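Each chain is listed here by its residues.
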Amino acid sequence: MSRNTRAVIDLNAIAHNFQQVKKRVGQVRIMAVVKADAYGHGLAQVGQMLHHADALAVACLKEACELREAGISTRIVLLEGIHKAQDMARVRDLNLDLVVHHLSQVAMLEQANSGSAVNVWLKFDTGMRRLGFPMEDVPHIYQRLKRCHVVADTMQLMSHLSCADEVDNPFSQTQNQRFIQAVQGLEGPRSLANSAGILAWPECTHDWVRPGLMLYGISPLPNQSGEELGLKPAMQLESELISTATAAHGQPVGYGATFTCPEQMPVGVVAIGYGDGYPRHTHPLAPVLIKGKRCPVIGNVSMDMLTVDLRPCPDAKIGDKVELWGQNIAVPEVAKYANTIPWVLPLGLTDRVDVQYHGGAKIPTGIADYGEN
Ligand SMILES: *Cc1c(COP(=O)(O)O)cnc(C)c1O
């Protein structure tokens, strides 16, 4: 293998983070959100690792199929439901739970009046204005769904928080009150909280929680790191130095010559760029880790490479490992420099990046060799 640019996924860290959710919510049931290739960590692998969750959640049929094809028999929730009546057959075949958020989907269930029962999650809007019935329609829709022969007896009731990561914003409490109000008198398990809801708004926990980001060891909260929350980063993105040199005082670096060396200094080139999914950010100071030292990225990130200031680590040489994010540099930190959100980065990696798995059933000793290679 010529290029040592890889994402090392620690499945045991994901299992640990799942346990951290469990510790926080006790008996409350957990729907592990594995949509978008498990946030870039590998849908089948993560699904396998978390098959003991009360349910797995995906965004679309394709993702649900992939889980079933991997032999995973865990309950699977289709978060957006289906968009065409003919998809009902598939839902039955794959034994999926359906979120129902729109009248068109109610009609599909009413038309499919024979066959096995389908678990339904009635979704309504408490302030996000994305998917879901208006709150005042909930009792009526609930009754309509109850009358559908294909809808299983127990109906779940759900909504979604829009500002749960804003720990000073009371809107989550407002949404929670609206949620409680809207489902008053209706039977069925309730679900409202995503990761930030679980961590910052425990009153939103109800009967089912839906963690995504935190399972991957990434904090959704601006004021607390993953480590402070007891989470372990699941992805280590690493590459290596492929060139080092001494640049002269006044020398420009990279496309557009956006960085000028303030003195004679060692610079290094790392084999990763935006063609791998590393953000082509404009902030000059995003750090990478080399030999335990944080070295800032300088100049513009290129497609295949980026340049770093090696002054913190002058003895660095070709072949030295470089951490872009993972154990020491948290994803939210890089996201901040890149002016984006943590959710975006791991799932933005391209196929060119090698993915290696540690932990899980095959390596009973866990992560003992982690980071040594
Ligand atoms: C993606 C998603 C989640 C998980 O959100 P995180 O912030 O990643 O924890 C939960 N619920 C729904 C409906 C989602 O779409």
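Just above sits the structure.
Residues numbered from 1 in each chain as written. Predicted model: local features only at pLDDT ≥ 70, side-chain atom pairs only at ≥ 80, totals over all residues. Heavy atoms only, no water.

**Student:** Would you take a moment to explain the overall build of the protein for this structure?
**Tutor:** Across its full length, the protein holds eleven helices and 19 strands. Taken against the 2.2 N^0.38 rule, which gives 21 Å for 373 residues, the C-alpha radius of gyration of the protein at 23 Å falls within 12% of a compact globule. Principal axes of the C-alpha set define a box for the protein whose edges measure 75 × 45 × 35 Å. Looking at the protein as a whole, 53% of its 373 residues are labelled buried. Here the contacts in the protein between residues at least 6 apart in sequence split such that 64% fall between residues at least 24 apart. A total of about 16,700 Å² of accessible surface is found on the protein, and carbon and sulfur atoms cover 50% of it. Taken as two groups, the 33 positive and 37 negative side-chain charges of the protein have centres that lie 3 Å from each other. (Helix = DSSP H or I, 4+ residues; strand = E, 2+ residues; numbered from the N terminus. Rg over C-alpha atoms; globule rule 2.2 N^0.38 Å. Buried < 20%, exposed > 50% of the residue type's maximum accessible area, 1.4 Å probe, protein only. Contact = heavy atoms within 4.5 Å. Areas by Shrake-Rupley, 256 points an atom, 1.4 Å probe, with all protein chains shown as cover. Lys, Arg positive; Asp, Glu negative; His and termini not counted. Charge placed at Lys NZ, Arg CZ, Asp CG, Glu CD.)

**Student:** Would you take a moment to explain the nonpolar core for this structure?
**Tutor:** Taken as a class, soluble globular proteins show a tendency for nonpolar side chains to be buried jointly. Grouped together as the largest cluster of nonpolar side chains are 115 residues, with contacts concentrated most on Leu109, Leu145, Tyr278 and Ile290. Per-element accounting of this core gives the leading share, seven residues, to helix H1 (residues 11-25). Excluding anything up to four places from it in sequence, Tyr278 contacts Leu237, Ile272, Gly273, Ala286, Val288, Val297, Val301, Leu306, Leu324, Trp325 and Val334. Among the nonpolar cores identified, the runner-up in size contains seven residues, and Ala247, Met265, Val267 and Ile298 belong to it. (Core = buried A, V, L, I, M, F, W, Y, C linked by side-chain atoms within 4.5 Å.)

**Student:** Where do I start with the packing of aromatic side chains in this structure?
**Tutor:** Working definition: an aromatic ring pair is given by the centre-to-centre distance plus the angle between the planes. Applying the stated criterion across every chain, the model contains four aromatic pairs. Considering the side-chain rings of Tyr39 and Tyr216, the 4.8 Å spacing of their centres and the 25° angle between planes classify their relative orientation as stacked. Of this pair, Tyr39 sits in helix H2 (residues 35-40) while Tyr216 is found in the loop between strand S10 (208-209) and strand S11 (235-247), placing the two residues 177 residues apart along the sequence. Residues Tyr39 and Tyr216 agree in their burial class; the two are buried. (Phe/Tyr/Trp six-rings, centres within 6.5 Å; stacked < 30°, edge-to-face > 60°.)

**Student:** Would you mind going over the site of the ligand with me for this structure?
**Tutor:** By nearness alone, 14 residues border the ligand, and Lys35, Tyr39, Ser195, Gly212 and Leu213 come closest of all. Take Tyr39: an N or O atom from its side chain is 2.6 Å from an oxygen atom of the ligand. One of the side-chain N or O atoms of Trp343 is found 3.0 Å from an oxygen atom in the ligand. For the ligand, the accessible surface in isolation is 390 Å², of which the surrounding protein chains cover 92%. In terms of residue class, the shell around the ligand is made up of six nonpolar, four polar and four charged. (Near = heavy atom within 4 Å. Polar contact = N/O pair within 3.5 Å; in protein donor to acceptor, adjacent residues only side chain to side chain. Nonpolar A, V, L, I, M, F, W, Y, C, P; charged D, E, K, R; others polar.)

**Student:** What am I meant to see in helix H5 (residues 87-94) here?
**Tutor:** Residues that lie three or four places apart on an α-helix share one face, since the helix turns once every 3.6 residues. Taken residue by residue, H5 has Asp87, Met88, Val91 and Leu94 as its buried positions. Each buried residue of H5 lies within a common arc of 135° when the element is viewed along its axis, so the set occupies one face. Contacts made by the buried residues of H5 are with helix H4 (61-69), strand S4 (76-78), strand S5 (96-100), helix H6 (103-111) and strand S6 (118-125). At the C-terminal side of H5, Asn95 shows a positive phi close to 55°. (Arc of directions from axis to C-beta.)

**Student:** Any chance you could explain the pairing of S6 here in plain terms?
**Tutor:** Side chains on a regular strand alternate between the two faces of the sheet. Buried residues dominate S6, accounting for seven of its eight residues. With three bridges connecting them, S5 and S6 associate as parallel partners. Looking across to S6, one finds that Leu98 is bridged to Val120. Following the backbone out of S5, through H6 and into the adjacent parallel S6, one traces a crossover that is right-handed. Sheet analysis places S6 next to strand S8 (residues 151-158), joined by five bridges and oriented parallel. Of the residues in S8, the one forming a bridge with Trp121 is Gln156. Here S6 pairs with strand S7 (residues 133-134) via two bridges, running parallel. Pairing of Asp125 across the sheet is with Pro134, part of S7. (Pairing = 2+ DSSP bridges. Right-handed = clockwise from strand over helix to strand, strands pointing away.)

**Student:** In this structure, what is going on with the packing of H6 against helix H7 (residues 138-147)? I would like to understand it.
**Tutor:** When two helices pack together, their arrangement is given by the angle between the helix axes and the distance between those axes. Contact geometry for H6 and H7: axes closest at 9 Å, N-to-C directions at 20°. Relative to H7, the element H6 lies roughly parallel. Judged by the twist between their axes, the crossing of H6 over H7 is left-handed. Residue-level contacts link Leu103, Val106, Leu109 and Glu110 of H6 to Ile141, Arg144 and Leu145 of H7. Grouping the constituent residues of the contact of H6 with H7 by class yields five nonpolar, no polar and two charged. (Axes fitted to C-alpha atoms, helices over the stretch in contact; angles between N-to-C directions. Parallel < 35°, antiparallel > 145°, perpendicular 65-115°, else oblique. Left-handed = near helix turned anticlockwise from the far one by under 90°.)

**Student:** Quick question: what am I supposed to make of unusual backbone geometry here?
**Tutor:** Only a minority of non-glycine residues have a phi that is not negative, and only a minority of peptide bonds are not trans. A positive phi angle, near 50°, is found at Ala257, a position not held by glycine. Overall, the relative accessible area of 41% leaves Ala257 in the partly exposed class. The backbone of Asn339 shows a phi angle near 55°, a positive value even though the residue is not glycine. Tracing the chain through its elements places Asn339 in the loop between helix H10 (331-337) and helix H11 (344-347).

**Student:** Please clarify how H6 should be interpreted in this entry.
**Tutor:** For H6, the set of buried residues is Gln105, Val106, Met108 and Leu109. The buried residues of H6 occupy an angular sector of 155° when the element is viewed end-on, so they sit on one face.

Purely spatial values, then, with no claim about function.
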